[in-house]
Amino acid sequence: MSDKNYFNLIDFGSSKIRFSVYDINFDEIYADSKSILYQEDYKNHFNFVIESVKKAEKKISYHIKDIILLLDSSNVFTIDIALRKRLNKKSEINKVYDSIILELNQLIDKYYDTYGIAHTILDRCFIDNKIFEKLPKNKIVKSDIKIEFKVICLPKKLISNLENKFNKKNLNILNIFCTSYLKSLSYNLKLDQNKVSFLEIGWERTSLILYENNKLNFIKSIPIGSNHITKDISKVFNINIEESEKLKKSFNKSENEFSYATDESEGLILANDIFKNNISVNLLKKVILYRVQEIMDLIFMKSNEKININKFIDTDLFLIGEGSELFNDNSFHLEDKFSFKSINFYKEKDSQICKNGLVYYLNYYNEPKIIAKKHGLFEKFFNFFSN
């Protein structure tokens, strides 16, 4: 049975890893996921990968060697670039486009040599004084073409490190895609709104993504995420990280209200099942609230360096990612600086995250991707701001 009979995808998250195998009919025939304690050498990640791959091979009676890797980084980098070509004679659009892509790759490699291209997204193209939102098929370019791109890049050091580690486990990376982009792209198409943004709170990364007219406007990340909330709890209450993480997650779906106003009547929470201490609910909620506010402030401040913050006025914001589970049933009353029309929690499924990667791989396989060397919907609307 050839490699093309199965598609193997790994979502390589910092705190959770997912692995899915799809058959030639694109049906999921194996799936596994696990919450992971992050280590710099990814030891826990690869222990899961090897164990899960063996289980999948036993189930499908097939040796797995090629994978599609979904990955995120706080150092994700986007570039807006436009390239133009003037022709001496008529030419087919596909030939001209291929030469422009080649030139684009060379420019990125020369001027952004520490990054590798994950996604090259066509924004608009101008052909002989006509504007096209997509690359037209079977069109002849008479004399002039200009294409505007958005390029999403990931650090080459990270890519190379993972390629080597997977190669040592006899697994070859076919492609590497940016998880937050693929997820937001899929959710945006389902929501089908004129302008929508996504805030993904990851382990030690938060990403803000904006779409206008079903097109990516920008993506920005900062190196602060849900794990910083855990660290804050650990420091304030003098408990270890594992206990702090459990305590933080105990608020998932807890239907609590997080506000700057003090309510002493909330008293104490008995958490002896988690650790032998009494924790003030009021103080704990303040710790979480202040860090959430900081994450929001920083990501929008960083984004304001790239675009006008007014773009978010009267837009819908959807919260995604493992760290956003905290917002599912709780109400947070933050300082309203952004004038969103609504803020919503978008419930994600593990199976859908890997499926997003497969759909993108099949539909956009002609676009440039990071290629390894061969050898080596929303579930609930809730009120986020106080009036």
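Residues numbered from 1 in each chain as written. Predicted model: local features only at pLDDT ≥ 70, side-chain atom pairs only at ≥ 80, totals over all residues. Heavy atoms only, no water.

1. Quick notes on the layout of surface pockets
- Computed from the structure, the second largest pocket encloses a volume of approximately 670 Å³.
- Lining the second largest pocket are 30 residues, with Ser14, Asp72, Ser73, Ser74 and Arg205 positioned closest to its centre.
- Counted by class, the lining of the second largest pocket contains 10 nonpolar, 10 polar and 10 charged residues. (1 Å grid on protein atoms, 1.4 Å probe; cavity = no way out; pocket = protein on both sides within 12 Å on 5 of 7 lines; lining within 4 Å. Points joined across faces, edges and corners; volume = space filled by probe spheres on them. Nonpolar A, V, L, I, M, F, W, Y, C, P; charged D, E, K, R; others polar.)

2. Structural notes on the packing of aromatic side chains
- Counted under the stated rule, the structure contains 20 aromatic pairs.
- In textbook terms, an aromatic cluster arises when at least three aromatic residues are bridged by ring pairs, as seen for Phe12, Tyr38, Tyr42, Phe46, Phe166 and Trp203.
- The ring of Phe126 has Lys146 sitting right over it, with the charged end atom 5.5 Å from the ring centre. (Phe/Tyr/Trp six-rings, centres within 6.5 Å; stacked < 30°, edge-to-face > 60°. Lys NZ or Arg CZ within 6 Å of the ring centre and 35° of its normal.)

3. Remarks on empty space enclosed by the protein
- The space that makes up the largest cavity amounts to roughly 40 Å³.
- Taken together, 10 residues form the lining of the largest cavity, with Thr78, Asp80, Lys150, Asn217 and Phe218 sitting closest to its centre.
- The leading source of residues in the lining of the largest cavity is strand E14 (residues 215-222), at 4 residues. (Helix = DSSP H or I, 4+ residues; strand = E, 2+ residues; numbered from the N terminus.)

4. Here's the deal with the sheet that holds strand E5 (residues 77-86)
- A sheet is described by the order of its strands in space; here 4 strands give the open sequence E5-E10-E7-E8, paired in antiparallel fashion. In this open sheet, the two strands that pair with only one neighbour each are E5 and strand E8 (130-132). Adjacent strand axes in the sheet meet at a mean angle of 30° when their direction is disregarded.
- Along the sheet, helix H3 (residues 156-168) makes contact with strand E7 (115-127) and strand E10 (144-155), crossing E10 at roughly 60°. (Pairing = 2+ DSSP bridges. Axes fitted to C-alpha atoms, helices over the stretch in contact; angles between N-to-C directions. Contact = heavy atoms within 4.5 Å.)

5. Concerning the packing of helix H5 (residues 226-237) against helix H6 (residues 241-249)
- Orientation of H5 relative to H6, taken along the N-to-C sense of each, is 115°, at an axis distance of 8 Å. Taken as axis vectors, H5 and H6 run roughly perpendicular relative to one another. For the crossing formed where H5 meets H6, the hand is right-handed. Packed against H5, whose contacting residues are Ser226, Asn227, Ile229, Thr230, Lys231, Ile233 and Ser234, the element H6 presents Ile241, Ser244, Glu245, Leu247 and Lys248 at the interface. (Parallel < 35°, antiparallel > 145°, perpendicular 65-115°, else oblique. Left-handed = near helix turned anticlockwise from the far one by under 90°.)

6. Let's talk about the pattern of salt bridges
- Taken as a whole and judged by the stated rule, the model has 25 salt bridges.
- Glu51 is the salt-bridge partner of Lys55, the closest N and O atoms lying 3.3 Å from each other. Placement of the pair is Lys55 and Glu51 together in helix H1 (residues 43-60), with a separation of 4 residues, close to one helical turn.
- By relative accessible area, which is 43% here, Glu51 ends up partly exposed.
- One salt bridge connects Lys246 with Glu242, and the closest N-O pair in it is separated by 3.8 Å. (Salt bridge = Lys/Arg side-chain N within 4 Å of Asp/Glu carboxyl O. Buried < 20%, exposed > 50% of the residue type's maximum accessible area, 1.4 Å probe, protein only.)

7. Some words on unusual backbone geometry
- Phi angles above zero are rare outside glycine, and Ser61 is one such case at about 55°.
- Within the secondary structure layout, Ser61 lies in the loop between H1 and strand E4 (66-71).
- With a relative accessible area of 67%, Ser61 lands in the exposed category.
- At Asp192, a residue that is not glycine, the phi angle is positive and equals roughly 55°.
- Mapped onto the elements, Asp192 comes out in the loop between helix H4 (179-191) and strand E12 (195-201).
- A relative accessible area of 56% places Asp192 in the exposed class.

8. Let's talk about the environment of Phe166
- Checked against the element boundaries, Phe166 lands in helix H3.
- Given a relative accessible area of 0%, Phe166 falls into the buried group.
- In sequence terms Phe166 and Asp66 are 100 residues apart; their C-alpha atoms lie 10.0 Å from each other.
- Here Phe166 is in contact with Ile10, Phe12, Phe46, Val49, Ile67, Leu69, Leu171 and Ile173, once residues within four sequence places are set aside.

9. As for the sheet that holds E4
- Strands sit in the order E3-E2-E1-E4-E11 across an open sheet of 5 strands; the sheet is mixed. Two strands in the sheet have a free side with no partner beyond their single neighbour: strand E3 (28-35) and strand E11 (172-178). Averaged over all neighbouring strand pairs, the angle between strand axes comes to 15°, with direction disregarded.
- Inspection of the sheet shows strand E1 (residues 6-12) paired to strand E2 (residues 16-23) by 7 bridges, in the antiparallel sense. Note that in E2 the partner of Asp11 across the bridge is Arg18.
- Lying over the sheet, H4 contacts E1, E4 and E11, oriented at roughly 60° with respect to E11.
- Across the sheet, helix H8 (residues 350-363) lies against E1, E2, E3, E4 and E11, angled at about 55° from E2, the strand it touches most.

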